[in-house]
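For reference, the chains in residue letters:
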Amino acid sequence: MVISLQLDSDTPLYEQLRNQIVIGIATGQLEPQEKLPTVRQLAEELGINTMTVNKTYSLLKQEGYIVIDRRHGAKVSPQEHNNPNPSPQLEEKLQLIIAQAAIQGINESRFQALCAQIFSKMTYQHP
């Protein structure tokens, strides 16, 4: 998986990295149980501070996207979330995205079509 961070973005680097890993899991670029680079390896590869990668991994672990084992490092979680109800955090993020789309003049049918197009790229299958 290729990770590309925008150093001049208003979005913090740890959040950009987190988002790209989550998208990598959803699109199948990162498989369940796949080993992730060590904090030091990823920091060196991306040219960022190890604390940034550590913060990203901690956040991903807290959210259940990865598991961390001292002996084996970080791996993609074998996610078994089959809850059809969105989390409050997801609803909050969706509300903001929908509000931004509405302000930009995107109507509901265009928004739904765009969502369907993006969702079709997500290959993550629950076991």
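Below is a short write-up of the structure. These numbers were taken from a predicted model, which means no experiment stands behind them.

So, on to the overall build of the protein chain. Scanning the protein chain from N- to C-terminus turns up five helices and two strands. In sequence order, the secondary structure elements of the protein chain are arranged as α-α-α-β-β-α-α. Projected onto its principal axes, the C-alpha positions of the protein chain cover 50 × 40 × 25 Å. When burial is assessed residue by residue, the protein chain has 22% of its 127 residues classed as buried. Partitioning the intrachain contacts of the protein chain with sequence separation of at least 6 by distance along the chain shows that 55% fall at a separation of at least 24.

Applying the stated criterion to the full structure yields two salt bridges. Between Asp-69 and Arg-71 there is a salt bridge, and its shortest N-O distance comes to 4.0 Å. According to the relative accessible area criterion, Asp-69 is partly exposed, its value standing at 28%. Given a relative accessible area of 70%, Arg-71 falls into the exposed group.

Our next topic: the layout of surface pockets. Of the volumes computed, that of the second largest pocket is approximately 170 Å³. Along the walls of the second largest pocket sit Leu-36, Pro-37, Thr-38, Val-39, Asn-54, Tyr-57, Ser-58, Ile-68, Asp-69, Arg-70, Gly-73 and Ala-74, which together make up its complete lining. Secondary-structure elements contributing two or more residues to the lining of the second largest pocket are helix H3 (50–62), strand S1 (66–69) and strand S2 (73–76). It is H3 that contributes the most residues to the lining of the second largest pocket, three residues altogether. Partitioning the lining of the second largest pocket into residue classes produces six nonpolar, four polar and two charged.

What counts as what
- Residues numbered from 1 in each chain as written.
- Predicted model: local features only at pLDDT ≥ 70, side-chain atom pairs only at ≥ 80, totals over all residues.
- Heavy atoms only, no water.
- Helix = DSSP H or I, 4+ residues; strand = E, 2+ residues; numbered from the N terminus.
- Buried < 20%, exposed > 50% of the residue type's maximum accessible area, 1.4 Å probe, protein only.
- Contact = heavy atoms within 4.5 Å.
- Salt bridge = Lys/Arg side-chain N within 4 Å of Asp/Glu carboxyl O.
- 1 Å grid on protein atoms, 1.4 Å probe; cavity = no way out; pocket = protein on both sides within 12 Å on 5 of 7 lines; lining within 4 Å.
- Points joined across faces, edges and corners; volume = space filled by probe spheres on them.
- Nonpolar A, V, L, I, M, F, W, Y, C, P; charged D, E, K, R; others polar.

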